[in-house]
Amino acid sequence: MTHDVFNQYIHLLCYNQHYGCSIGYHNINYHYPVWGIIFTYNPKFKDSLLRVNSSFIIYNSPLKIMIALKFGGTSVANAQNIAKTLDIITQKSKENKLAVVVSAFSSVTDLLILAGKTASSKDKAYKHIVDQIEQMHKKAIDELIPLSEQGEIIDAVNSHINHLKTLLDGCFLLGELSSRTADTVAGFGELLSSQIIAVALKQKVSNSTFKDSRELIKTNANFGKAAVDFSITNTLITDYFKNNNAQVTLLPGFIASSSDGNTTTLGRGGSDYTAAIIAAAVKAEVLEIWTDVNGMFTANPKSVKQAQPIESISYQEAMELSHFGAKVLYPPTIQPVLKDSIPIFIKNTFEPEAYGTLISNSPESSSNPIKGITHIDNIALLTLEGSGMIGVAGSSKRLFEVLSNENINVIFITQASSEHSICVGILSSDAEKAKIAIDQAFEMEIAQGKVDPCIVEKGLCIVALVGENMKNHQGISGKMFSTLGKNNVNIRAIAQGASERNISVVINEKDVKKALNTLHERFFEDNTKQMNLFVMGVGNVGEKFIDQVSQQKKFLKENLKINVRVIALSNSRQMVFDEEGLNLKDWKEALNQGEKANPIDFIARTKALNLRNSIFVDITANHDIAGIYDQFLSQNIAVVTCNKIACSSEYTHYKNLKTLSRKYNAPFLFETNVGAGLPIIDTLKHLIASGDKINRINAVLSGSLNFIFNNFSKDYNFHDVVKEAGVQGFTEPDPKIDLSGVDVARKILILIRESGYQMEMEQIENNCFLPDECMQTTNNEDFFASLAKHENHFNQLLKEAQAKDSRIKFVASFDNGKAAVGLQFIPKESPFYNLEGKDNIIEFYTDRYVDQPLIIKGAGAGAAVTASGIFADVIRIGNV
């Protein structure tokens, strides 16, 4: 490496180091005596990759390096932002010769296009738009330029505004807007901004000048997106800068001119392209694109909050990402600089010390073969199919010629190997025009029935994985498809080039955010799975559940790679939603300030958010809520519930829920339906899955009834014990459900169904021990009054048990296809006798457990254990 070349590398590094950039990785350390600082040179990144092991730089280079900079619309949106831009330019100009390209002020180009359309539709409102544009620019002049220096620039702005008004007046009178006029109108934004910024820059850098890009960049007359004539353009640019002694040359982006002098434009985002054209022509050392984000990201940060900046990326990867919607870089930008391997930096005007993204021939190697995930919205699929295409040469050629003649860009292509059909993706705005043209071109084949009329599908988008090294890794496409499939994202079409740099799929537009987040989670977030909970019911159990989620959130993320977020909460009065996740420290306050609860709206909002790994958590005992599970499952939203009503309803409804769960890959878990947090249903499922058969079940399944009868004594009357069970959260909100045996009947029915048997609630014999008057009550107050009234009835049951030296238990049984629930007097030798407190016990007699049953025993009631059971189901889904 020569002294002069090394000097250039050092100098290139210096301008970056001032803004906090450290490029590349250590290979060889050099001590460079001019600066007295250790530099690192990595031969692999010879174009631009050096690192400085120092906190300061002493500039002492005789070499003046040309650097091209481009500042986007947000960087010059207003006087405050322009001031930041000027600071960056001023600092860089101290050691480097600069070519600076600027965009129009933010939103001005949109206003100009709107003004043209408004005028051509004979709407005088275009005049107000022009006034708005004029005021924006004159306000910037007042804030940026001293009054004594404003005269010349105000005259220039007035001249441009008058020219604009004349053009728009003509459009208004004629009622039309030609493509040539449209280009001229759209280009005023860059002309105005660049001349204002040039004058403001002159106050800071005296040796600076303005140059109209139209005098340097020559194109054809394809107005709207003109093609550059590089042979003429490169000569003009080279000659100009060779004879230009200004330290900083400021130019408008986006605009150029045709051979006959008419203004043309380089396409929306064309200011990037302008800067690249100039950088390539002058052989700039680097091209910097200054915008409002910290470089290119692994995904659009507006859609994927966990998106990360990409530090280093190849030209080819950057082109793929920009083509597929990474708006930080205009797709054609890379082409001019690629030939000379001029590195591109994407930098943030508002955070200049951030590293940004380096685009070069030799990006830093990474263990992750995926560099980014991107997408294009508003896509339509055109499908041409028919038996008349099989084996017929030229069908594809004719199709693409038709689209080319209509100036329709094809974004996506896929064709069946049978040649029966070909599918292309285009912008939705071109779909109708394309269909008409294709049907006309294949009119004869359609009439003969050899080809079907062109099929158009709208409301779609393209999602793409991009990475140079994907070709060296097996199974990436499989991971992509399975990840989308698990979240019920239907893939309409697939395309992958032989280079394997890009895998693209077409999906429904409504699924794009879920798809992007799911894929990003899979490929970039260390396999951390985000679980989005929609919780209905925040009573005793619900409150404990939220407390447990809050307490374990950090543990789950660090140890199980599960990120649990509560998106929505609802009780019977209020509901609250937060797409970013509720703060569980003050969830009660948020809920109290929420909107009026409405189950229909709750369902609609949950569906509309369409978040990945969504789980509806039902912590109610509400019959209506249990009836809406199918609406969640059919939308790939998992259901976790402690509400027993759904699984103990009609058998057809129960089976339908299970079918929907399998069909839409939406888990339906209800472990807490039986035994609160005990692993009863999970154990039962494993028995059945392993080929065992359940022949008989004996169980005490009501923790509340067990608590009641364990504490019922001559010193503690039945009424008071039932009251206490409710206070401790052991009974249902309506305690009659527990005491009537209905709750236990539901539980045994669920176990029977999960064992593979078909049974209805009416087939279970319920030997109710409550007097008829108790059963006829319609509210809790009357129910408890009736318990007190019939105290002798309950005392008699207690005396009978004591006389038999037994204990009272409410037992559920299933044997030989028959089921029953009711009070039993349990002798001392039974394992049920010593069941204490609120415990449950279940005996499974199976083909494998014949003489000695499989027994599960433990606490079967209580808010905390029930909440933990619900939480365990959520974690089960997270571990799938």
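Scroll up to find the structure this text is about.
The rules behind each value
Residues numbered from 1 in each chain as written. Predicted model: local features only at pLDDT ≥ 70, side-chain atom pairs only at ≥ 80, totals over all residues. Heavy atoms only, no water. Helix = DSSP H or I, 4+ residues; strand = E, 2+ residues; numbered from the N terminus. Buried < 20%, exposed > 50% of the residue type's maximum accessible area, 1.4 Å probe, protein only. Contact = heavy atoms within 4.5 Å. Areas by Shrake-Rupley, 256 points an atom, 1.4 Å probe, with all protein chains shown as cover. Salt bridge = Lys/Arg side-chain N within 4 Å of Asp/Glu carboxyl O. Axes fitted to C-alpha atoms, helices over the stretch in contact; angles between N-to-C directions. Parallel < 35°, antiparallel > 145°, perpendicular 65-115°, else oblique. Left-handed = near helix turned anticlockwise from the far one by under 90°. Nonpolar A, V, L, I, M, F, W, Y, C, P; charged D, E, K, R; others polar. Core = buried A, V, L, I, M, F, W, Y, C linked by side-chain atoms within 4.5 Å. Pairing = 2+ DSSP bridges. 1 Å grid on protein atoms, 1.4 Å probe; cavity = no way out; pocket = protein on both sides within 12 Å on 5 of 7 lines; lining within 4 Å. Points joined across faces, edges and corners; volume = space filled by probe spheres on them. Arc of directions from axis to C-beta. Expected span 1.5 Å × (residues − 1).

**Concerning the overall build of the protein**
Across its full length, the protein carries 31 helices and 33 strands. In terms of overall dimensions, the protein has C-alpha extents of about 115 × 80 × 55 Å along its principal axes. A burial count over the protein gives 55% of its 880 residues as buried. Contacts in the protein between residues far apart in sequence, at least 24 positions, make up 72% of those at least 6 positions apart. Approximately 37,400 Å² of the protein is accessible, and the part contributed by carbon and sulfur atoms is 48%.

**Let's talk about the pattern of salt bridges**
Here the structure, examined in full by the defined rule, presents 30 salt bridges. When the shortest N-O distance is used, the salt bridge between K371 and E317 registers 3.4 Å. With K371 in the loop between β14 (357–360) and β15 (372–385) and E317 in helix α10 (residues 315–323), this pair connects stretches of sequence that are 54 residues apart. Relative accessible area serves as the criterion here: at 11%, K371 is assigned to the buried category. Classification of E317 as buried rests on a relative accessible area of 2%. Here the salt bridges share partners, and the residues they tie into one network are E671, D682, D873 and R876.

**Digging into the packing of helix α2 (residues 79–93) against helix α7 (residues 188–202)**
When two helices pack together, their arrangement is given by the angle between the helix axes and by the axis-to-axis distance. Packing of α2 against α7 leaves a shortest axis separation of 11 Å and a crossing angle of 55°. As far as their axial angle goes, α7 and α2 are oblique. In the crossing of α2 with α7, the sense of the turn from one axis to the other is right-handed. Within the contact between the two elements, α2 uses I82, L86, I89 and T90 and α7 uses I197, A200 and L201. Each residue belonging to the contact of α2 with α7 can be placed in one class, and the counts come to 6 nonpolar, 1 polar and no charged.

**Here's the deal with the nonpolar core**
In summary, soluble globular proteins display a tendency toward joint burial of nonpolar side chains. F718, L739, F769 and L787 are the most contacted members of the largest nonpolar core, which totals 80 residues. Here the element with the most residues in this core is helix α27 (residues 742–754); it accounts for 7 residues.

**Examining the pairing of strand β23 (residues 574–577)**
Pairing between strand β22 (residues 562–570) and β23: 3 bridges, direction antiparallel. Paired with S570 across the bridge in β23 is M575. In this structure, the hairpin formed by β22 and β23 is closed by a connection of 3 residues. Sheet analysis places β23 next to strand β24 (residues 595–596), joined by 2 bridges and oriented antiparallel. What sits directly across from M575, in β24, is E595.

**What to know about the sheet that holds β24**
An order of β24-β23-β22-β21-β25-β26-β27 is seen for the 7 strands of this open sheet, with the pairing classed as mixed. If you trace the sheet from one side to the other, it starts and ends with β24 and β27 (668–669), each paired once. Looking at chain direction, strand β21 (residues 529–536) and β22 are connected through 8 bridges and run parallel. Counterpart to M536 in the pairing with β22 is S570. Here helix α17 (residues 540–560) sits on the sheet and contacts β21, β22 and β25 (614–618); the angle it forms with β22, its principal contact strand, is near 155°. Lying over the sheet, helix α19 (residues 599–609) contacts β21, β22, β23, β24 and β25, oriented at roughly 5° with respect to β23.

**A word on empty space enclosed by the protein**
The rolling of a water-molecule-sized probe over the atoms marks out the regions of remaining empty space. In this structure the tally under the stated criterion is 3 cavities of 30 Å³ or more. Lining the largest cavity, in full, are S303, K305, Q306, K513, K514, N517, Q530, R565, E579, E580, L611 and R612. Looking at the lining of the largest cavity, the element that brings in the most residues is helix α16 (residues 512–524), giving 3 residues. In terms of residue class, the lining of the largest cavity is made up of 1 nonpolar, 4 polar and 7 charged.

**Topic: the environment of A819**
Within the fold, A819 resides in strand β31 (residues 818–826). Through-space distance from the C-alpha of A819 to that of E432 is 64 Å; in sequence the pair is 387 residues apart. Here A819 is in contact with I752, M759, Q763, I764, E765, S813 and F814, once residues within four sequence places are set aside.

**Some points on helix α15 (residues 476–486)**
Three or four residues apart is the spacing at which side chains of an α-helix point the same way, because the helix has 3.6 residues per turn. For α15, every residue scored as buried is listed here: I476, M480, T483 and L484. Considered in projection along α15, the buried side chains sweep an arc of 95° and stay on one side of the axis. Along its buried surface, α15 packs onto β18 (455–466), β19 (491–496), β20 (502–508) and α16. With its phi angle positive at about 60°, N488 sits one or two positions after the end of α15.

**Examining the packing of helix α4 (residues 126–144) against α7**
As a packed pair, α4 and α7 sit with axes 10 Å apart at the nearest point and diverge in direction by 10°. In terms of their interaxial angle, α4 and α7 are classed as roughly parallel. Contacts between α4 and α7 involve I133, H137, I141 and L144 on the former and, on the latter, G189, L192, S193, I196 and A200.

**Some words on the sheet that holds strand β16 (residues 412–415)**
Hydrogen bonds between backbone atoms are what pair the strands of a sheet, whose relative direction is either parallel or antiparallel. An order of β16-β17-β15-β18-β20-β19 is seen for the 6 strands of this open sheet, with the pairing classed as antiparallel. Each edge of the open sheet is held by one strand with a lone partner, namely β16 and β19. Strand after strand, the sheet turns through a mean of 30° between neighbouring axes, direction not considered. Looking at chain direction, β18 and β20 are connected through 7 bridges and run antiparallel. Looking at β20, one finds that L465 is bridged to I503. Here helix α13 (residues 431–441) sits on the sheet and contacts β15, β17 (421–427) and β18; the angle it forms with β15, its principal contact strand, is near 30°.

**Focus: helix α30 (residues 791–803)**
Between the first and last C-alpha of α30 there are 18 Å, a value that for 13 residues agrees with the 18 Å anticipated at 1.5 Å per step. Residues F794, L797, L798 and A801 constitute the buried set of α30. The buried residues of α30 occupy one face: seen down the axis, they fall within an arc of 95°. Away from its buried face by more than 90 degrees, α30 exposes N792, K799 and A803. Buried-residue contacts for α30 involve α25 (718–727), α29 (780–789), β30 (807–815) and β31. The positive-phi residue at the C-terminal boundary of α30 is D805, with phi of around 50°.

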